[in-house]
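The lines below spell out each chain.
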Amino acid sequence: MNRTISDFFDEPGPIARRRTNIATVIGVVIMVGILAWGISVLAEKGQFDAAKWTPFLETSTWEIYYIPGILGTLKAAALAIVFSNVLGLLLGVARLARNRLVRLVGGVLVEFFRAVPVLILMLFFYFMFASVLVNPSDAPFWGVVCGLTLYNGAVIAELVVSGVKNLPSGQREAGLALGMTGGRTLVSILLPQGLIAMMPSMVAQLVVILKDTALGYTITYFELLNLAKNFGSAYQNYLPALFVAAVIFIVINATLGYLARLLSRKLESATGLTAPAEPGEPEEDLTLTDTNAAVTRPTLEPAEAGR
């Protein structure tokens, strides 16, 4: 059942709509005024002078600074996204386990890594790798990847737990009625639905991972922000350099969000699973639609059907 805003709130009357329109116009005027004021201040400071923007037309600018920065950001983000999703799924399953010791260990790890700032994790792994484990030149990269993996893995684990716990209890009961074990029910029935239900939040977390690679500049990792700052220092045009970097981040994050939403729709189409309905929906709408994994009711054996 699809609900609209009118199911929860009364439709605004003429006076309310007029007030809303007036407030919207006032807000737009204020925002335009602030934007115009900011542009005028930047123009007075010479930030729109041709000398500050012509370096972006040079091929060397992109070959030396921005393209290596983009590649560094994408490489660290890609590994961190893969590792954090794997870690998040493992920790999420641990927090949902029936064994109390496993739940305790999973809970402690999640709370610890979620509470420690990402930058501290990056610094810790950077110095650890630089001291004993890898080539010092590779330490910044692995420091960024490990810091992002542990923090975001803990966050994704919480998303997994929330997605599974928000499913109706009938899903677990149906799996148990079919003779599945608790672990089999979790993996085959609850996790697929929980992951798809939490896909919007997980997409947002992927964007956070990509943006947080910018923290790598503190440990001398050559990602987009670090190289944009170096470019601004070389040409004395910090604001244009950072503005271009911000635009690149926006384009990359928008593309990542689009691809993740496309993947979500593909998964829903391939598995026949949909996100759980809102509270109050009949549970029949929340069952698996895959013909190979239907759990609406257990099938009776012929001998039992005749009883």
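The written sequence of each chain sets the order in which its residues are numbered from 1. Thresholds applied to this predicted model are a pLDDT of at least 70 for local features of residues and 80 or more for the giving and counting of side-chain atom pairs; totals over whole chains, interfaces and linings are not thresholded and use all residues. By convention in this description, side-chain values take in all heavy atoms of the structure and omit both hydrogens and water.

*Asks:* Would you mind showing me how to read the pattern of salt bridges here?
*Replies:* Side chains that differ in charge, positive against negative, can pair when their charged atoms come close. One speaks of a salt bridge when a side-chain nitrogen belonging to Lys or Arg is within 4 Å of a carboxyl oxygen belonging to Asp or Glu. Within the structure shown, the criterion is met by four salt bridges. Residues Glu 158 and Arg 114 are paired through a salt bridge, measuring 3.4 Å at the closest nitrogen-oxygen approach. Residue Glu 158 is located in helix α6 (residues 139-165), and its partner Arg 114 is located in helix α4 (residues 100-115); the two are separated by 44 residues in the primary sequence. Here the salt bridges share partners, and the residues they tie into one network are Arg 95, Glu 111, Arg 114 and Glu 158. Numbering goes from the N terminus for both helices and strands, where a helix is a DSSP run of H or I of at least four residues and a strand is a run of E of at least two.

*Asks:* I keep staring at the packing of aromatic side chains and nothing clicks. Help me out?
*Replies:* Aromatic ring pairs are described here by two measures, namely the spacing of the ring centres and the angle between the planes. Pairs were defined over the aromatic rings of Phe, Tyr and Trp, the Trp ring being its six-membered one, requiring ring centres within 6.5 Å. Orientation was assigned from the angle between planes: stacked under 30 degrees, edge-to-face over 60, tilted for the rest. Under the defined criterion, the tally for this structure stands at 14 aromatic pairs. Ring geometry for Phe 141 against Tyr 221: centres 5.9 Å apart, planes inclined by 45 degrees, an arrangement best described as tilted. With Phe 141 in helix α6 and Tyr 221 in the loop between α9 (199-212) and α10 (224-235), the pair connects residues that are 80 residues apart, well separated along the chain. Each member of the pair Phe 141 and Tyr 221 is classed as buried. Ring centres of Phe 231 and Tyr 235 lie 4.8 Å apart, and the angle between their planes is 40 degrees; on these two criteria the pair is classed as tilted. Of the two residues, Phe 231 and Tyr 235 both sit in helix α10, four residues apart, roughly one turn of that helix. The buried label applies to any residue whose accessible area, calculated with a 1.4 Å probe on protein chains only, is under 20% of its type's maximum; exposed applies above 50%, and partly exposed to all values in between.

*Asks:* I keep staring at the environment of Ala 115 and nothing clicks. Help me out?
*Replies:* Among the structural elements, Ala 115 can be located in helix α4. For Ala 115 and Ala 154, which are 39 residues apart along the polypeptide, the C-alpha to C-alpha distance reads 9.3 Å.

*Asks:* Hey, could you run me through α10 in this one?
*Replies:* Residue pairs spaced three or four apart in an α-helix point in one direction, given the helix's 3.6 residues per turn. Here, expected helix span is obtained from the residue count minus one, scaled by 1.5 Å. Taking 1.5 Å per residue as the helical rise, α10 with its twelve residues ought to reach 16 Å, and the 16 Å between its terminal C-alpha atoms agrees with that figure. Buried within α10 we find Leu 224, Asn 226, Leu 227, Ala 228, Phe 231 and Gly 232. Contacts described as polar in this section are N or O atom pairs within 3.5 Å, which, within protein, must combine one atom able to donate a hydrogen with one able to accept it, while residues neighboring in sequence count only if both atoms come from side chains. The N-capping residue of α10, defined by a side-chain oxygen 2.7 Å from the backbone nitrogen of Leu 225, is Glu 223. Remark: Gln 236 follows α10 within two positions and exhibits a positive phi of approximately 55 degrees.

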